[in-house]
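Structural description and commentary
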Amino acid sequence: MPNTQAWNLGEWQQAYHSGLKPQELLTSLLASLDSNDPAWITLISTEALQVRLAELEKQLELAQGDLQALPLYGIPFAVKDNIDVAGLPTTCACPAFARMADSDATVIQKLLASGAVVIGKTNLDQFATGLVGTRSPYGAVPNTFNTRYISGGSSSGSASVVARGLVPFALGTDTAGSGRVPAGLNNIVGLKPTRGLLSTEGVVPACRTLDCVSLFTLTVDDADALMRITAGFDAADPYSRRLPVSSAPFPAKPIFGIPSAPQWFGDQQSRKSWEWALQHLDALNVTLIPVDFSALHEMAALLYDGPWLAERQAAIDELAATNPEALNPVVHGIIDRARNMSAVDVFKGEYRRAELARIAETLLEGLDGLLMPTTPGIYTLQEVTDEPVLLNSQLGTYTNFVNLLDLCALALPAGLRQDGLPFGITLAARAGRDSALTAFGLRWQQSNPWLRGASQQPLASTQAFLLPAEKPDMSNMITVAVVGAHLSGMPLNTQLIEREAILLESTQTAAAYRLFALPDTVPPKPGLLKVSSEKGAAIAVELWAMPLRHFGSFVGLIPSPLGIGTLTLADSRQVKGFICETWALEGAKDITTFGGWRAYIASLA
């Protein structure tokens, strides 16, 4: 049985395409999970898994056995326990509130329709009130790198199970940073979409006007794929919006505003990691402009010091009135302050929010987005126990204002601090620029690849995940086969993304090629040589559709001894693709037996 730990979406997908079955992989996975793990509140039963697997087979039959029609076929995921999954309790980390969900939230429906399988519900700061991951009767969720430290919250369990590689993705929610802070503290990707892009129907609200469903993944491309699967207008959700899933990418040289006076609250290790990140962003041809964040910090303060607390009160008003002892004391103390707020306070707060939003609009003029630390630091479990409110507030320094300003945001790993704990950066942009965020995030991922969560597995070997083919208009496109550093997840893939190329499929060449690792190339590159069918083998390639108007500039980037020629694929199609001059193969290492560049790079790691 293969070890599925820290597999990304593409690796799960490839496993099923190669003939493995959900019955064997998911039964083994569920048996390996520990119900006493504080990251979980509820795991599905073996009986429920068998029911879901039977449903999955019916889905595949209806799709006439076409796995491409079910892109998430058999892929397990976890769900924050304030999102309804039919047949499982929704607790919001409050046993007195718990109720059995009789229907799936809209986002769950979309994932199940794509073939995904819910494995369990995850722990959270009670009623999604907190950024620490400790405010739960089911236990504090520890950091995946060092159990003395917090995981971050409120989506603590979801981040933990992804970072440990138990599932390839998990759903969280985000009101003040709950989909970003635990991502930053556990070395994973956290995508907080534009409000209303993903439906919140079936989600227990924290602040209903601000809430978002968020996505935790190991890679940026997985987050982008899941966004495309789950996004869409939902008439059942009054706050759903008709927003395009796709948006134009940032310019080749984007301009990001960074805090002119970043706040670290004494954490010098995070400060040094931030300086490292800025240096590496400069290498990506990014212009960084220091800006005054004071209006943003004032906006952030409104979320917990202003009338938006009344929204949290509204969500649990009956329970708070009839059974207040059921609430976590810190959570109750925060929300109970809303009882002293009036309707006048609400309007005054909204007026100030609008004033600050106008200031923020001016601040964003000429910028493609804001770039900031995900958090100013990280705290031990004991420190948060001793100072639960102040430290929680500090964690939200760069997150609390985002939803109030109607921004989308992407939290990205940015290396490990000197103490071995993760550091993260977050990019925020105007509403609707979600895919621009993920496109840039992919550039960051390819230039500064991280380990997969808390595992020791590198990103270099991740398999590309394929959505059902959206047939592009090929009348003005050319199909290009890539074999090495331009593969998805590899260092030069951004040259394709920047030219609006679309990934069509993963396939193989005809069995008439040999692959070589070229010496002294930066980044490392292979050379593909056509030989006779008796001496050759099939080599893994990806096919990308590129607009003709960009093809010339792409070819102009290709250095000697590489060039573009015509490749023959396994199904006899002929496409444009990378070839290598034979003189350059002297002294090169023959790596044909690996079957492709991705497998060779993985062997080095």
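Treat the numbers as computed from the prediction; the structure is a model and nothing was measured.

Conventions adopted
Residues numbered from 1 in each chain as written. Predicted model: local features only at pLDDT ≥ 70, side-chain atom pairs only at ≥ 80, totals over all residues. Heavy atoms only, no water. 1 Å grid on protein atoms, 1.4 Å probe; cavity = no way out; pocket = protein on both sides within 12 Å on 5 of 7 lines; lining within 4 Å. Points joined across faces, edges and corners; volume = space filled by probe spheres on them. Helix = DSSP H or I, 4+ residues; strand = E, 2+ residues; numbered from the N terminus. Pairing = 2+ DSSP bridges. Axes fitted to C-alpha atoms, helices over the stretch in contact; angles between N-to-C directions. Parallel < 35°, antiparallel > 145°, perpendicular 65-115°, else oblique. Contact = heavy atoms within 4.5 Å. Buried < 20%, exposed > 50% of the residue type's maximum accessible area, 1.4 Å probe, protein only. Disulfide = S-S within 2.5 Å. Salt bridge = Lys/Arg side-chain N within 4 Å of Asp/Glu carboxyl O.

Moving on to empty space enclosed by the protein. Tallied over the full model, the rule gives three cavities of 30 Å³ or more. In this structure, the largest cavity encloses a volume near 40 Å³. Taken together, Gly184, Leu185, Ser270, Thr374, Thr375, Gly377, Ile378, Arg417, Pro422, Phe423 and Gly424 make up the full set of residues lining the largest cavity. Broken down by element, the lining of the largest cavity gets its largest block of residues, three residues, from strand S13 (residues 422-430).

What follows covers the sheet that holds strand S21 (residues 589-590). Taken in spatial order, the three strands make up an open sheet running S17-S16-S21, and their pairing is antiparallel. In this open sheet, the two edge strands, each paired with only one partner strand, are strand S17 (526-530) and S21. Strand direction decides the pairing type here: strand S16 (residues 513-517) and S21, joined by two bridges, are antiparallel. By the bridge assignment for S21, Ala517 is matched with Lys589.

A few words on the packing of helix H4 (residues 106-113) against helix H7 (residues 220-230). At a closest axis distance of 9 Å, the pairing of H4 and H7 adopts a crossing angle of 105°. With respect to H7, the axis of H4 lies roughly perpendicular. Every residue of H7 that contacts H4 at Val107, Lys110 and Leu111 is listed here: Leu226, Ile229 and Thr230.

Bringing the pairing of strand S19 (residues 562-568) into the picture now. Burial analysis of S19 places five of its seven residues in the buried class, which makes it a mostly covered element. Judged from the seven bridges that link them, S19 and strand S20 (residues 574-580) form a sheet pairing that is antiparallel. The residue bridging Ile564 from the neighbouring strand is Phe578, located in S20. Between S19 and S20, which pair antiparallel in sequence order, lie five residues; one of them, Ser572, sits at a positive phi of approximately 80°.

This next bit is on the environment of Arg148. Tracing the backbone shows Arg148 in the loop between strand S5 (117-122) and helix H5 (156-163). Overall, the relative accessible area of 52% leaves Arg148 in the exposed class. Sequence separation of Arg148 and Gln382 is 234 residues, and the distance between their C-alpha atoms is 7.9 Å. Leave out the neighbours within four places in its chain, and Arg148 touches Thr380 and Leu381.

Put plainly, two cysteines are in a disulfide when a covalent bond ties their sulfur atoms together. Per the counting criterion, the structure on display carries zero disulfides. Cysteine Cys94 remains unbridged, with the sulfur of Cys92 as its closest cysteine sulfur at 8.1 Å. For the unlinked cysteine Cys207, the closest cysteine sulfur is that of Cys212, found at 11 Å. When its relative accessible area of 0% is taken as the criterion, Cys207 is described as buried.

By the definition in use, this model includes 26 salt bridges. The salt bridge partner of Asp406 is Arg195, with a shortest N-O separation of 3.5 Å. Residue Asp406 is found in the loop between helix H15 (388-395) and strand S12 (407-416), and its partner Arg195 is found in the loop between strand S7 (189-192) and strand S8 (212-217); the two are separated by 211 residues along the sequence. Between Asp267 and Arg417 there is a salt bridge; the shortest N-O distance is 2.8 Å. Here Asp267, found in the loop between strand S9 (255-259) and helix H8 (268-282), pairs with Arg417, found in the loop between S12 and S13; they are 150 residues apart in sequence, far enough to count as distant. Residues Asp267 and Arg417 agree in their burial class; the two are buried. Linked through salt bridges whose partners overlap, the residues forming this network are Arg195, Arg241 and Asp406.

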